[in-house]
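Residues per chain are reported as follows:
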Number of protein chains: 2
Amino acid sequence: MANQFIYNSSQLSYAILGTGALGGYYGACLQKSGLDVHFLLHSDYEYVSKHGLVVESKNGDFTLPQVQAYSETSKMPPCDVVIVALKTTQNHLLPQMLPNLVKENGVVLVLQNGLGVEDEVAKIVGSNRVMGGLCFLCSNKVGAGHIRHLDYGEIKMGEYAANYQTAGITKRMQQIANDFESAGIKMQLAEDLLLARWQKLVWNIPYNGLSVVLDARTDELMGNSHTRSLVEELMWEVVAGAKSCDRTIPQNFVETMLQYTDKMKPYRTSMKIDYDEKRPLEVEKMFGNPLKFSQARGANLPKITMLYQQLKFLDSRNSS
Amino acid sequence: MANQFIYNSSQLSYAILGTGALGGYYGACLQKSGLDVHFLLHSDYEYVSKHGLVVESKNGDFTLPQVQAYSETSKMPPCDVVIVALKTTQNHLLPQMLPNLVKENGVVLVLQNGLGVEDEVAKIVGSNRVMGGLCFLCSNKVGAGHIRHLDYGEIKMGEYAANYQTAGITKRMQQIANDFESAGIKMQLAEDLLLARWQKLVWNIPYNGLSVVLDARTDELMGNSHTRSLVEELMWEVVAGAKSCDRTIPQNFVETMLQYTDKMKPYRTSMKIDYDEKRPLEVEKMFGNPLKFSQARGANLPKITMLYQQLKFLDSRNSS
């Protein structure tokens, strides 16, 4: 039965799809805490099967000389919790990867940015086997199997229910959260996953988008009165988008995000890093889907639309 | 008396403020046709006083070994027609330059981009001594006193009246247009200068703006479906801006501009050239003033506003 304990007592097993800056960090923490973790790797497979993972972290460096590494999901055992830590630009691979990998009573936990990713996964594994998580993490992969955790790391996790209905707090959420907390990862449980995703977009849409289009760090965007206003206007459009989905982001949330960014160290966003590295951008999930959700409900978000159009142009040229 | 012949029979004298790609080309054509032309120069003053001007043109190359060159307006004689061919970013100099330079019965002809430039000049010389011209010219300054005319050259000229009231066709317009036509420059007379300016912005706002923000030529912007849509949406916002000023741009004008651009050779806009050369951008006249005009009349142009904000950011960083 859905949304119950996955297993009553025995330990959960974890699959990590995408052992990069994010999946590699969280997976390594889980294994270090004693859990059974299986890592899917692509370019680093050979290296990591031989040498394991190295994590440099502000919370303390550690090494895992041996990890269960795989180059294909077909070779991995079915797991209780399948963590999707791929870039969303790889999500076309999920229909092949997920069905045999997640146990009957298991769950897929999507640790990706943007909106609508759980909808896609629900189509593959059923809407009662999906959860979403929003990661507030600064980390980089600095070499094969070598992760540098710079700051933060908290995950805000929520249950998915069909059409993003509010699903509340479930026991299996708590069970997984306990595992993460035991691994030293701060967790927050969200009663309403869609609200949590819209809230994260309040930050992600303006800063990720404008950092790419204007080749700018957060401090540069905040230091110019025109782009600072534009950031705020984009944030209000996100609030309006959430509203169109019947989700109310509190009025002071925008001001809080602006102040939070003012206090941050100068920051190059993840989308800007992808762009600079000539990797495909997560435009569809972070911009395209929020626009689709809102437009289907009659909301017009002109500045986010324009940012989306600009990013589609730049992304297309960057990959050619 | 205003808007009459400036002189009944004798030849008009011309001052050219700004002897660059535009002022240099038109001024040289006028002098070649036998008119009395006085050129204000800045960095090229020494060179041009000694060597004159060279014009390479698709209509035929020519040289003017001797021109009346000046480094300060105070040394220039009062003229019948004072042509402002400076970049609008230099317009803070006009209050010093114009008052003694334009004859009592003379007129200032503003050959600049954007909106609101005639308002500024009217404050200096009175609203009955101002005209505006929209130049459809491809030319570059390739060296000191050396102008390369690539294509086009037509000027659409209109009388200014206080608050951009429609001023119709006047005799002095026709007289000046005759001089230009005799110099081989195709002229169009506009009955409504404000309408003509808004029409030119239909092209200038999307292409100049996006070419800078996205580092793109016209063909690149047209070749991507997302930016092509954005170009068109920006054009419709310009049409809405014109509407707020009670000026109706015909429905098919947008489609005509898109088709016209499709047929153009790949083109780097003038604002992009300024940006690449690290010169200040004409953001205020081309974006800021159309927004001010529209907002004062209750129109909201969100995408042009966003383009303005992005350009202000880039312009500020480019000059620092």
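Reading the values: rules and limits
- Residues numbered from 1 in each chain as written.
- Chains lettered and ligands numbered in written order.
- Predicted model: local features only at pLDDT ≥ 70, side-chain atom pairs only at ≥ 80, totals over all residues.
- Heavy atoms only, no water.
- Contact = heavy atoms within 4.5 Å.
- Buried area = accessible area lost by both parts, 1.4 Å probe.
- Salt bridge = Lys/Arg side-chain N within 4 Å of Asp/Glu carboxyl O.
- Polar contact = N/O pair within 3.5 Å; in protein donor to acceptor, adjacent residues only side chain to side chain.
- Nonpolar A, V, L, I, M, F, W, Y, C, P; charged D, E, K, R; others polar.
- Buried < 20%, exposed > 50% of the residue type's maximum accessible area, 1.4 Å probe, protein only.
- Helix = DSSP H or I, 4+ residues; strand = E, 2+ residues; numbered from the N terminus.
- Phe/Tyr/Trp six-rings, centres within 6.5 Å; stacked < 30°, edge-to-face > 60°.
- Axes fitted to C-alpha atoms, helices over the stretch in contact; angles between N-to-C directions.
- Left-handed = near helix turned anticlockwise from the far one by under 90°.
- Expected span 1.5 Å × (residues − 1).

Visitor: I tried to follow the interface of chain A and chain B on my own but got confused; where do I start?
Guide: Interface size is commonly expressed as the accessible area that is lost once the parts come together. Of the residues lining the interface, 26 residues belong to chain A; the matching set on chain B comes to 26 residues. Roughly 2200 Å² is buried in total at the junction of chain A and chain B, and carbon and sulfur atoms are behind 65% of that figure. Across the chain A-chain B interface, the total number found is two salt bridges. A salt bridge links Glu 220 of chain B to Arg 317 of chain A, with the nearest nitrogen and oxygen atoms 3.7 Å apart. Seen at the junction of chain A and chain B, the total is seven residue pairs in polar contact (both at pLDDT 80 or more). For the side of chain A that touches chain B, a count of residues per class yields 12 nonpolar, eight polar and six charged.

Visitor: In this structure, what is going on with the pattern of salt bridges? I would like to understand it.
Guide: Pairs can form between side chains of opposite charge once their charged atoms are near each other. For the structure shown, the criterion picks out 42 salt bridges over all chains. A salt bridge links Asp 274 of chain B to Arg 279 of chain B; the nearest nitrogen and oxygen atoms lie 2.9 Å apart. Its relative accessible area of 3% is what places Asp 274 of chain B among the buried residues. Sharing partners across several salt bridges, the network here consists of Lys 87, Asp 274, Arg 279 and Glu 282 of chain A.

Visitor: Sorry, what's going on with the side chain of Lys 303 of chain A here?
Guide: Residues and elements named next belong to chain A. On the secondary structure map, Lys 303 appears in helix α12 (residues 302-318). The exposure class of Lys 303 is buried, given its relative accessible area of 8%. Engagement of the side chain of Lys 303 in a polar contact is seen with the side chain of Glu 233, the distance being 2.6 Å.

Visitor: Got a minute to help me understand the packing of aromatic side chains in this structure?
Guide: Aromatic rings in a pair are described by how distant their centres are and how their planes are angled relative to each other. Tallied over the full model, the rule gives 14 aromatic pairs over all chains. The interplanar angle of 65° and the centroid separation of 6.3 Å between the aromatic rings of Tyr 26 of chain A and Phe 180 of chain A together place this pair among those described as edge-to-face. Placement of the pair is Tyr 26 of chain A in helix α1 (residues 23-32) and Phe 180 of chain A in helix α5 (residues 171-182), with a sequence separation of 154 residues. Pair check on accessibility: Tyr 26 of chain A and Phe 180 of chain A agree, each one buried. Ring centres of Tyr 160 of chain B and Tyr 164 of chain B lie 5.0 Å apart, and the angle between their planes is 90°; on these two criteria the pair is classed as edge-to-face.

Visitor: What am I meant to see in the packing of helix α11 (residues 283-296) of chain B against helix α12 (residues 302-318) of chain B here?
Guide: Two measures define how a pair of helices packs: the angle their axes make with one another and the distance between the axes. All names here are of chain B. With their axes 10 Å apart at the nearest point, α11 and α12 run at an angle of 145° to one another. For the crossing formed where α11 meets α12, the hand is left-handed. Facing α11, whose interface residues are Val 283, Glu 284, Phe 287, Gly 288, Leu 291 and Gln 295, α12 presents Ile 304, Thr 305, Leu 307, Tyr 308, Leu 311, Lys 312 and Asp 315. Of the residues contributing to the contact of α11 with α12, the split by class is seven nonpolar, three polar and three charged.

Visitor: For this particular structure, what's the right way to read helix α8 (residues 225-244) of chain A?
Guide: Every α-helical turn comprises 3.6 residues, leaving residues that sit three or four positions apart pointing alike. Over its 20 residues, α8 of chain A runs 29 Å from end to end, which matches the ideal 28 Å to within 8%, given 1.5 Å per residue. Among the residues of α8 of chain A, those classed as buried are Thr 227, Leu 230, Val 231, Leu 234, Met 235, Glu 237, Val 238, Val 239, Gly 241, Ala 242 and Ser 244 of chain A. Buried residues along α8 of chain A sit against α6 (193-213), α7 (218-223), α9 (252-263), α11 (283-296) and α12 of chain A together with α12 of chain B. If you check the start of α8 of chain A, you find a side-chain oxygen 2.8 Å away from the backbone N of His 226 of chain A, and it comes from Asn 224 of chain A.

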